[in-house]
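Letter by letter, the chains look like this.
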Amino acid sequence: MILYLHGFRSSPLSSKTSLLAARMQALGRGDEYICPQLPASPRAAVELALEIASNIAPAELTLIGSSLGGYYATWLAERLGCRAVLLNPAVHAARDLATQVGVKTQYHSNEPFEFKAEYIEELKALEVQQTTHPERYFLIAATGDELLDWREMVAQFPHARQRVIEGSDHGLSDFAQYADEVLAFCGVAAGAAQ
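Now for a description of the structure that goes with this document. The shown structure was predicted, so the numbers you read here are calculated from the model rather than taken from an experiment.

**Focus: the environment of Gly187**
Okay, so step 1: Relative to the elements of secondary structure, Gly187 occurs in the segment after helix 7 (179-185).
Okay, so step 2: In the structure, Gly187 is positioned 27 residues away from Ala160 in sequence and 17 Å away in space, judged by C-alpha atoms.

**Here we look at the nonpolar core**
Side chains of nonpolar character tend, in soluble globular proteins, to be buried together.
Okay, so step 1: Counting residues in hydrophobic clusters, the biggest one holds 41 residues, and the most contacted among them are Leu63, Tyr72, Leu76 and Leu123.
Okay, so step 2: At the level of elements, strand 1 (2-5), helix 2 (42-53), helix 3 (68-80), strand 4 (83-87), helix 4 (93-97), strand 6 (112-115), helix 5 (118-125) and strand 7 (137-142) are the ones that each hand at least two residues to this core.
Okay, so step 3: Here this core takes seven residues from helix 3, the largest share from any one element.
Okay, so step 4: With residues up to four places along the chain from it excluded, the contact list for Leu76 reads Leu5, Val46, Ala49, Leu50, Leu63 and Gly81.

**Quick notes on the side chain of Ser66**
Okay, so step 1: Inspection of the secondary structure puts Ser66 in strand 3 (residues 62-66).
Okay, so step 2: What Ser66 contacts, discounting residues up to four positions off in sequence, is Tyr4, Leu5, His6, Gly7, Lys16 and Leu87.

Thresholds, definitions, all that
- Residues numbered from 1 in each chain as written.
- Predicted model: local features only at pLDDT ≥ 70, side-chain atom pairs only at ≥ 80, totals over all residues.
- Heavy atoms only, no water.
- Helix = DSSP H or I, 4+ residues; strand = E, 2+ residues; numbered from the N terminus.
- Core = buried A, V, L, I, M, F, W, Y, C linked by side-chain atoms within 4.5 Å.
- Buried < 20%, exposed > 50% of the residue type's maximum accessible area, 1.4 Å probe, protein only.
- Contact = heavy atoms within 4.5 Å.

Laid out in structure tokens, this is it:
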């Protein structure tokens with residue numbers, strides 16, 4: 001089972017999650033891919049993810065987290081003992097989102113939502129100083145990320161599997177090149193339905 005956690009202001013309609021959903025569907029495994037719309041509250045977002053994951057054995061679960069979703073995926077993977085793929089993950093989310101308090105809109109729907117000041121404290125409560133099982137993590141970091149520093153990502157996950165992409169961008173607009181590698185880490189063979 002793959003549980004995809006999207007980033008701040010993103011949604012299940014992002015290009016990365018849409019591409020992965022289509023690949024899983026093509027493999028006949030569409031029912032093994034979930035990407036919920038996450039609430040603005042970090043506490044509520046991880047509670048939703050925990051609820052979804054509650055009936056899935058850790059060995060059968062891989063989290064994929066993009067940006068802020070990568071921050072959540074790190075905390076959840078430590079708590080659940082499952083694998084996680086981190087796509088340009090936020091490493092210092094409380095610091096990086098402190099300037100985003102207020103009413104924002106989602107990228108794919110222009111739907112407004114409020115990012116409240118108390119959410120910064122919720123983010124601080126989810127910070128992972130150091131991962132305990134680096135072999136369960138796969139980091140994809142783009143040097144061209146215009147929002148987050150790829151060097152902080154690499155430093156946060158020093159012993160994890162890493163793919164540093166020269167160039168690209170925060171949204172990983174070239175993600176299609178890496179999707180099969182991501183799915184393979186999730187235990188999904190891209191060549192055949194199982």
